[in-house]
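Reading the structure
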Amino acid sequence: MKKAIYRISVMAAVLVAAVPALRAQNIVSAGVSRDTILIGDQIEWTSEMQVPRGMSVRVDSMSGYVVPGVELIGPFTIDTVDRGRDFSKVRTRAVITSFDSGSYVLPPLVVYVYRGEEAVDTMRLPEVPLEVTTVPIDTATYQMYDIRPQFRYPVTFREVLPWILGALALAAAVTAVWMALARRRRNRPLFGKPAPQDPPHIVALRDLDRIRGEKLWQSGNQKQYYTEITDTLRVYMEKRFGIKTIERTSGEILSDLSDKDVPPSDFEAVRDLFGTADLVKFAKYTASAQENENAVPVAVRFVNDTFMQTLEAGGQEKEGGHDNE
């Protein structure tokens, strides 16, 4: 019984001694950095207080409007500015603003004192007056102006440069595509020098030799045989004499050929060859073996004679040139 009474007496003594320590904290100052501001200005709402060592403070949370017309810009920050032996000086700070003119009173700020995670005391900061004013307007000399039209800045070369470069790049791409298509139509390579082409008579003689080796008429393909021979002669005549042969009849081609310097015997032989070929291709005519055997030699002789005629004409021109000298 005596031990219980002793314990109760000790606890009461401790509590009596702790109460002054808890109540020893005191508000040093509370206010705003300026008590009069213009609409939209921002000021600091601050306070300083003394708190026993080992204790901390927390400010009652606020968000949005402090009072109607005054807004809290950010949360309160709490800093310890001085640590004494028994007490620490703590400062609270927050930024506020207002967009409505008038006289305001900031409410008492509630501060809780904690020992660890246990709240042991509560402090209420004093109210703070605040005046929000506007810029006075001189109604006697005030003059309203209309809204100014949109200002157009001059276009600079730096702004135009990307468009110029884009147009040049597009033009270069179009030109490259056009040149590539043109070279392709002429059967020329896209890059580098075109490969030298064989003369028309060499191409014709090579094709006629290939036709002879295929032995088309011997296997019953007379139509293909005469088609390939006449097509070879058409290509040769167009390159050798400049006669248009595409989509033209044999009569039209021979009419133009008659105006060229072709030996009469060769012209007659080619006319007979084209006539036989037309009968085989369009009239289902079956040529004789003799006609089939003579078809390629006639074409070869025509190519050789007209080519040799070109060489002889060139030699005579050179000889004539020497005589004139």
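Above this text you will find the structure in question.
This text gives an overview of the structure that appears in the document. (Residues numbered from 1 in each chain as written. Predicted model: local features only at pLDDT ≥ 70, side-chain atom pairs only at ≥ 80, totals over all residues. Heavy atoms only, no water.)

Regarding the environment of F241
Relative to the elements of secondary structure, F241 occurs in helix α4 (residues 222–241). The class of F241 is buried, set by a relative accessible area of 11%. Each C-alpha atom of the pair F241 and K260 lies 7.4 Å from the other, and the pair is 19 residues apart in sequence. Dropping the residues within four chain positions of it, F241 is found in contact with Y236, L257, K260, V262, F302 and T306. (Helix = DSSP H or I, 4+ residues; strand = E, 2+ residues; numbered from the N terminus. Buried < 20%, exposed > 50% of the residue type's maximum accessible area, 1.4 Å probe, protein only. Contact = heavy atoms within 4.5 Å.)

Some thoughts on the pairing of strand β11 (residues 118–124)
The side chains of a regular strand alternate between both faces of the sheet. Here strand β10 (residues 110–115) pairs with β11 via 6 bridges, running antiparallel. Looking across to β11, one finds that Y114 is bridged to A119. The turn joining β10 and β11, which pair antiparallel and follow one another in sequence, is formed by 2 residues; a positive phi near 70° is taken by G116. (Pairing = 2+ DSSP bridges.)

Things to note about the sheet that holds β10
Strands sit in the order β4-β10-β11 across an open sheet of 3 strands; the sheet is antiparallel. One side of each edge strand has no neighbouring strand; the edge strands of this open sheet are β4 (56–59) and β11. Between one strand and the next, the sheet's axes are offset by a mean angle of 30°, whatever the strand orientation. (Axes fitted to C-alpha atoms, helices over the stretch in contact; angles between N-to-C directions.)

As for the pairing of strand β7 (residues 77–83)
When β7 meets strand β8 (residues 87–98), the two strands line up antiparallel, connected through 6 bridges. In the strand pairing of β8, R83 is matched with S88. Connecting β7 to the antiparallel partner β8 that follows it, the hairpin turn spans 3 residues.

Focus on the packing of helix α3 (residues 200–214) against α4
Relative to each other, α3 and α4 sit at 175°, their axes nearing to 9 Å. Compared by their axis directions, α3 and α4 come out roughly antiparallel. Between α3 and α4, the residues in contact are P200, H201, A204, D207, L208, R210, I211 and E214 and Y225, E228, I229, T232, Y236 and K239, respectively. Partitioning the contact of α3 with α4 into residue classes produces 7 nonpolar, 2 polar and 5 charged. (Parallel < 35°, antiparallel > 145°, perpendicular 65-115°, else oblique. Nonpolar A, V, L, I, M, F, W, Y, C, P; charged D, E, K, R; others polar.)

Things to note about the pattern of salt bridges
Side chains that carry opposite charge are capable of pairing whenever their charged atoms lie near each other. Per the counting criterion, the structure on display carries 11 salt bridges. Its salt-bridge partner being R248, residue D256 comes within 2.6 Å of it at the nearest N-O pair. Judged by relative accessible area, which is 26%, D256 ranks as partly exposed. Here the residues in one salt-bridge network are R210, E214 and E228, joined through shared partners. (Salt bridge = Lys/Arg side-chain N within 4 Å of Asp/Glu carboxyl O.)

Regarding the nonpolar core
Ranked by size, the top nonpolar core spans 30 residues in total, and within it I229, L233, M237, L257 and F302 carry the most contacts. Among the elements of the structure, α3, α4, α5 (250–257), α6 (264–282) and α7 (289–324) are those that each provide at least two residues to this core. Residues within four places of M237 in sequence aside, it is in contact with G242, I243, I253, L257, V270, F274 and F302. (Core = buried A, V, L, I, M, F, W, Y, C linked by side-chain atoms within 4.5 Å.)

Some thoughts on the packing of aromatic side chains
Tallied over the full model, the rule gives 3 aromatic pairs. Taken together, a centroid distance of 6.2 Å and an interplanar angle of 85° make the contact between Y236 and F302 edge-to-face. A residue pair is termed long-range when its members are at least 10 positions apart, and Y236 in helix α4 and F302 in helix α7 qualify at 66 residues. The exposure classification of Y236 matches that of F302, with both residues buried. The positively charged end of R58 is found above the aromatic ring belonging to Y114, 4.1 Å away from the centroid. (Phe/Tyr/Trp six-rings, centres within 6.5 Å; stacked < 30°, edge-to-face > 60°. Lys NZ or Arg CZ within 6 Å of the ring centre and 35° of its normal.)

Thoughts on the side chain of K281
Relative to the elements of secondary structure, K281 occurs in helix α6. D278 provides the closest opposite charge to the buried, salt-bridge-free K281, at an N-O distance of 4.4 Å. Beyond its immediate stretch of four places on either side in the chain, K281 contacts K223, T227 and T230. (Lys, Arg positive; Asp, Glu negative; His and termini not counted.)

Some thoughts on the side chain of E48
For E48, the position within the fold is in strand β3 (residues 42–52). Residue class for E48 comes out buried when judged on its relative accessible area of 14%. Looking at E48, its side chain comes within polar contact range of the side chain of R91, at 2.6 Å. (Polar contact = N/O pair within 3.5 Å; in protein donor to acceptor, adjacent residues only side chain to side chain.)

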